[in-house]
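For reference, the chains in residue letters:
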Amino acid sequence: MGIWRYSISHLAYMIIKKSNKALQLTSKSGALLAFGSTELNRYRASQSDSSVVKRKGIVMEKLKVQLSNCYGISSFDETFDFTSNPNQAKAYAIYAPNGLMKTSFSRTFETLSRGEQPKEERFNRQSSCTVEADNSELQKEQIYVLKSEIDIGSDNDAVTNILVNEESKSRYDSLVKELTKIKSKLISALQKKSKVKKSELEDKLTKDFGDNDFIQCIKLASEIVVGEELSSFVYEEIFDPKAAAILESREFIEKANEFNSRYQELFDKAGTIYKRGVFNPLKADSSFSALSKNGFFDGGHKVHLLGDEQSIDHDQLQEKIRAVHESIDSDEELKKIRDSLAKNAQTQAFADLFERLSTEEIEYLLTRIKKENKQDFKTELWAYYVLSCTETASLLSTYEANKEEVEEIESAAALEAPNWSRAIELFNDRFVDMPFTLSLFNPAEATLGREKAKLKFTFKDGEDKVDCTRSQVTSLSQGEKRALYLLNFIFEVEDRKRDQRETLFVIDDAADSFDYKNKHAIVQYLEDIADTSYFSQIILTHNFDFFRTLANNFVHRNRCMMANRNGSSIGLSKAEGIKNYFVNIWKRQIENNDFVLCATVPFTRNIVEYTKGEEDADYLKLTSLLHWKSDTAQITAGEYIAIYNGVFGTQHSITNNKPLIELLFEKADEISSRNEHDGLNLEDKVLLSIAIRLKSEIFITNELRVIKADNNYWCQSFSQFGALIKQYSAEQPTGDALRSLEKVSITVSSNIHLNSFMYEPILDLTIEHLIALYIEIKDLEGVANEEQESTEAL
């Protein structure tokens, strides 16, 4: 029967949804509410904006996004076309290198989803943000952001929402609706009699009866036989926690009766200044203390007490009070009781009982509040109040009339949770080899909407088994943590399906770079989302392998975009060559595009390495195009093309006699002088990386020749760049150039080798970064040349 406490209260939040009047009613009786005050306040807040109407089942076609100074985005102006097309999923994939826009874009939409405006945090610049779906402002309820940061600490509200069985819940709520109204009236009536706050009354009553079920406690109270001797007692005056501290003190337990006897004498003895029910010791202390603190006596004033012939000063007054209090204050324990009663309003209210009650009532009270009698006294007081309320009989009869059907619904609710089952099946099907199984701690309560769902994570190892809440789950791998984090996302999606709520999902790097097991599960689930017509997705990633997987699975190539920085603004351009950049872009352009021609060198060298080995003459010649060797300056573009033709079976012209390194540096200069850089820029990035390393090796070689006084010095190491920088740092540990050369070692040296695994590191470098580094290395070479010319002139 413990269910009734929650079932009644659940209706309270349903009533809140229907009328402001009901909201006012239930807000005064927080103890009624199913979720408790904290959860209810959160629920109220989520429902408070009645001006926003959720667009259910509506299909977004055009999303306009105009951002200015929104976190790290200075300027962004793009329109996403989600127009329905049977061949194109309603999803965009955006490849954005680290530090360009990804996090700032998702933070902007996360801020909008909270109903707030994004801002620029670093320089405090004025921000502006326009996000419109089909020419109407995108509402916060239409946005969901899946952040890249993993948070597995708590379950979200969607877990509860999808568990609710609407048919059972509707019938359930109709059964308890009248009961809820009666309960609210009864609590109001009990509050007036007991003076216990409405928000605390249910908890105190059920605690005193030792049963969490409010209805059962009312039933128990109604069966207790009580008399009118309880009519003078108010529960809160006696059992307020501050007053209770006095009742439980040793002094009060041992000398309560004696204190009462001597306290009553204060009002009756000759020469007293007190009048029962009007002016007592507590009020006297307060009054005379106020006079003293405010300088009354210091100003030479006196007081004239009723019955006295003369006025008296402060010292005479204190002596008179001391004489009156002698019967109590002469006993240290009695004095301690008197001082305790003066501490605060609650203890003073208890002290007032000694004046308001008759001698017989005080003796009765002192007997009933003894430790061995106190619990029965509490329940009897509640019973007296309950029996004197007309609402009690109505509540119990309504309860009995509906009890059987309610319990049947509760039993069925514990066994059925279709939306929950669907979400869990999705999770278990998609994410394999998880170390736990999922269930619920509270299936019936969650299914009927009485409580928030509490996920149960069950771990098994042989005969050992342990159940954990989400916050207790520990010792998971990074991949398992991400899968668990995505569980909340699955619940959120299922909840929005249930509500048919038009939603824009902004997905920020849902897969880790090396989480191959979960990567395909995530892509498959995102593809599932795309099957819902009123869902749209913008998926951002700096993981090119994940980007390529999205393109190869369900995101149409027309909606695969590359983020680029043009000056201070960020724009999107259609991605090219995602499936096979070498075959689809480079092989087709090598004869008429010198940038591509230079960029293919490392790839060609890799193929030769795999097919012929590192001792092959072609491999050694190609190595001389990537490292500064004795023959590097003599190898022509035509010689390289001849090797290329032999590797890939092409017939390109080999008549170009220009040294390839000269062509390489010319093209690197062209790239560094451009104002705009669009698209993937893979050939430009590879070309710049080669040029940066070659110029670095030329610089170090020339420096070492000077240091060694050997103009014929060449590095003979297999790992040439590493060996050169090691030698240079040993000779010039404080050299100004060392810092720039270390940048080359960290960022580009090992990224030039373009097998399929190594695409991402070089893609993740921005073209602006490579240009800046190329110019920095060129400047080293220029300074070295100037120093050499000066030395020769001397």
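Above this note sits the structure.
Residues numbered from 1 in each chain as written. Predicted model: local features only at pLDDT ≥ 70, side-chain atom pairs only at ≥ 80, totals over all residues. Heavy atoms only, no water.

**Re the sheet that holds strand E8 (residues 455-461)**
- The strand order E7-E8-E9 describes an open sheet built from three strands, whose pairing is antiparallel. Looking at which strands have only one partner, the edges of the open sheet turn out to be strand E7 (436-440) and strand E9 (464-468). With strand direction ignored, the average angle separating the axes of adjacent strands in the sheet is 25°.
- By the bridge criterion, five bridges tie E8 to E9 in an arrangement that is antiparallel. Paired with phenylalanine 459 across the two strands is valine 466, which belongs to E9. (Pairing = 2+ DSSP bridges. Helix = DSSP H or I, 4+ residues; strand = E, 2+ residues; numbered from the N terminus. Axes fitted to C-alpha atoms, helices over the stretch in contact; angles between N-to-C directions.)

**A few points about the pattern of salt bridges**
- Evaluation of the coordinates by the stated rule reveals 25 salt bridges.
- Where glutamate 110 meets arginine 114, a salt bridge forms, and the shortest distance between an N and an O atom there is 3.7 Å.
- Judged by relative accessible area, arginine 114 falls into the partly exposed class, the value being 43%.
- In this structure, the salt-bridge partner of glutamate 380 is arginine 368, at a minimum N-O distance of 2.9 Å. In this pair, glutamate 380 sits in helix H18 (residues 371-387) while arginine 368 sits in helix H17 (residues 359-368), placing the two residues 12 residues apart along the sequence.
- By relative accessible area, which is 12% here, arginine 368 ends up buried.
- Among the charged side chains, a network of salt bridges with common partners joins Glu110, Arg114, Glu116 and Lys147. (Salt bridge = Lys/Arg side-chain N within 4 Å of Asp/Glu carboxyl O. Buried < 20%, exposed > 50% of the residue type's maximum accessible area, 1.4 Å probe, protein only.)

**Comments concerning helix H31 (residues 682-708)**
- Between its first and last C-alpha, H31 extends 38 Å over 27 residues, near the 39 Å set by a 1.5 Å rise per residue.
- Where burial is concerned, most of H31 is hidden: 23 out of the 27 residues are buried.
- Alanine 709 lies just past H31 and shows a positive phi near 55°. (Expected span 1.5 Å × (residues − 1).)

Structural measurements only, silent on function.
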